Amino acid sequence: MASLQNSPSFCYTLSPNSFPQIGLQRYYDSFPCCRKGISFVVRAEHSLPNLTSLSQVRPGRRQLVAVSLVAPWVSLVNQTSPSFAAETKKGFLLVTDKKDGYSFLYPFGWQEVFIEGQDKVFKDIIEPLENVSVTTVPTSKQDIRDFGPPQQVAEVLIKKVLAPPSQKTKLIEASEHDVDGKTYYTFEFTARAPNYTRHALSTISIGNGKFYTLTTGANERRWDKMKDKLHEITDSFKIFNV
């Protein structure tokens, strides 16, 4: 675990009106789950609409936005496995990445956006802090437990990767569970900025020679309303062999 804690160079930016952006200059020999010399710079796509103005639209506009997402939703259904109906829950859609070997649920109405360095990102276009992202990086480790216990690993990731160093973070809880013989760590934390607090959940695991991180969250003021959905997202995250 010492090598994870001593990973030498991470940089971050975070804006309340965009998906949390994480620039990761990865990775050196001191961090075993990394590829030496690779650099990721994460930024929001410039073509995205002004999310601040979207948050001020009338309730009827949200309904129009939801209607505009029907066509992509139909396309998504057609790309999933025949067991789509059995694997999803009401109000959620299933995304399966057969190339990288993972799947998860996200709430209906969230829109996929492109952020460089992230493998998948879905977000609510009205409440931009409500989102889910998946990242993968190479690793030589075979099990997430090789990095240490859940709380120790969670604290390092939160401080070095999942929140900007300028924000005050707090790990609320961390736990371990197994699904189909694979170990996952799941943890809950908050990151406080001057004008907002993000309440988030992450789940991490290792498979296919990769370190997987799924993170979802919401503004603290909406946590009570969103927490069940966010837990549904992290609980649904599964890795499969490819």
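As annotated in an unreviewed UniProt entry, the chain is Thylakoid lumenal 25.6 kDa protein, chloroplast, putative from Ricinus communis.

**Student:** Please explain the overall build of the chain as it appears in this structure.
**Tutor:** Counting its secondary structure elements, the chain contains seven helices and 13 strands. Looking at the chain residue by residue over its 242 residues, the buried ones come to 49%. Long-range contacts, defined here as pairs at least 24 residues apart, represent 53% of the contacts in the chain between residues at least 6 apart. About 12200 Å² of surface is accessible on the chain, with carbon and sulfur atoms providing 50% of the total.

**Student:** Sorry if this is basic, but what is going on with the sheet that holds strand S12 (residues 210-219) here?
**Tutor:** Remark on secondary structure: sheet strands pair via backbone hydrogen bonds, oriented parallel or antiparallel. Judged by pairing direction, the sheet is antiparallel, and its seven strands sit side by side in the order S6-S7-S8-S12-S11-S10-S9 without closing on themselves. Edge strands, defined here as strands with exactly one partner in the open sheet, are strand S6 (111-112) and strand S9 (168-179). Pairing of strand S10 (residues 182-192) with strand S11 (residues 197-207) involves nine bridges; the strand directions are antiparallel. Looking across to S11, one finds that Ala-191 is bridged to Arg-198. Those strands touched by helix H6 (residues 150-162) are S9, S10, S11 and S12, and its axis lies near 130° from that of S9. Where helix H7 (residues 223-236) meets the sheet, it contacts strand S8 (131-138), S10, S11 and S12, and its direction lies at approximately 165° from that of S12.

**Student:** How do you make sense of unusual backbone geometry when you look at a structure like this?
**Tutor:** Backbone phi values are negative for most residues with the exception of glycine, while trans is the configuration of most peptide bonds. The backbone of Asp-180 sits at a positive phi, close to 55°, despite the residue not being glycine. On the secondary structure map, Asp-180 appears in the loop between S9 and S10. Asp-180 gets classed as exposed once you look at its relative accessible area, which sits at 81%. A positive phi angle is found at Asn-208, which is not glycine, with a value near 55°. Within the element layout of this structure, Asn-208 appears in the loop between S11 and S12. Looking at Asn-208, the relative accessible area reads 27%, which means it is partly exposed.

**Student:** Help me out: how do you make sense of the sheet that holds strand S4 (residues 92-97) in this one?
**Tutor:** Sheet architecture is open: three strands sit in the order S4-S5-S13, paired in antiparallel fashion. Single-partner strands in this sheet number two, and they are S4 and strand S13 (238-239). Relative to strand S5 (residues 102-107), S4 runs antiparallel, the two being bridged by six bridges. Bridge pairing in S5 places Leu-93 opposite Tyr-106.

**Student:** Would you explain the packing of aromatic side chains in this entry?
**Tutor:** To describe a pair of aromatic rings, you give the distance between the ring centres and the angle between the ring planes. Under the criterion given, the structure shown has eight aromatic pairs. Look at Phe-104 and Phe-122: their rings are 6.2 Å apart centre to centre, the planes differ by 70°, and that puts the pair in the edge-to-face class. Of this pair, Phe-104 sits in strand S5 while Phe-122 sits in strand S7 (residues 120-123), placing them 18 residues apart in sequence. If you follow Lys-141 out to its NZ or CZ, it ends over the ring of Phe-147, 5.9 Å from the centre.

**Student:** Got a minute to help me understand the pairing of S7 in this structure?
**Tutor:** Looking along a regular strand, one sees side chains alternate from face to face of the sheet. Every second residue of S7 is oriented toward a common face, with Lys-120 and Phe-122 on one face and Val-121 and Lys-123 on the other, all of them buried. As paired strands, S6 and S7 are joined by two bridges and run antiparallel to one another. The partner of Gln-111 across the bridge, within S7, is Lys-123.

**Student:** Please clarify how the side chain of Asp-100 should be interpreted in this entry.
**Tutor:** Inspection of the secondary structure assignment puts Asp-100 in the loop between S4 and S5. The buried category is assigned to Asp-100, whose relative accessible area is 9%. Each residue touching Asp-100, except ones within four places of it in the same chain, is listed here: Asp-119, Asn-208, Lys-210, Tyr-212 and Val-242.

The rules behind each value
Residues numbered from 1 in each chain as written. Predicted model: local features only at pLDDT ≥ 70, side-chain atom pairs only at ≥ 80, totals over all residues. Heavy atoms only, no water. Helix = DSSP H or I, 4+ residues; strand = E, 2+ residues; numbered from the N terminus. Buried < 20%, exposed > 50% of the residue type's maximum accessible area, 1.4 Å probe, protein only. Contact = heavy atoms within 4.5 Å. Areas by Shrake-Rupley, 256 points an atom, 1.4 Å probe, with all protein chains shown as cover. Pairing = 2+ DSSP bridges. Axes fitted to C-alpha atoms, helices over the stretch in contact; angles between N-to-C directions. Phe/Tyr/Trp six-rings, centres within 6.5 Å; stacked < 30°, edge-to-face > 60°. Lys NZ or Arg CZ within 6 Å of the ring centre and 35° of its normal.

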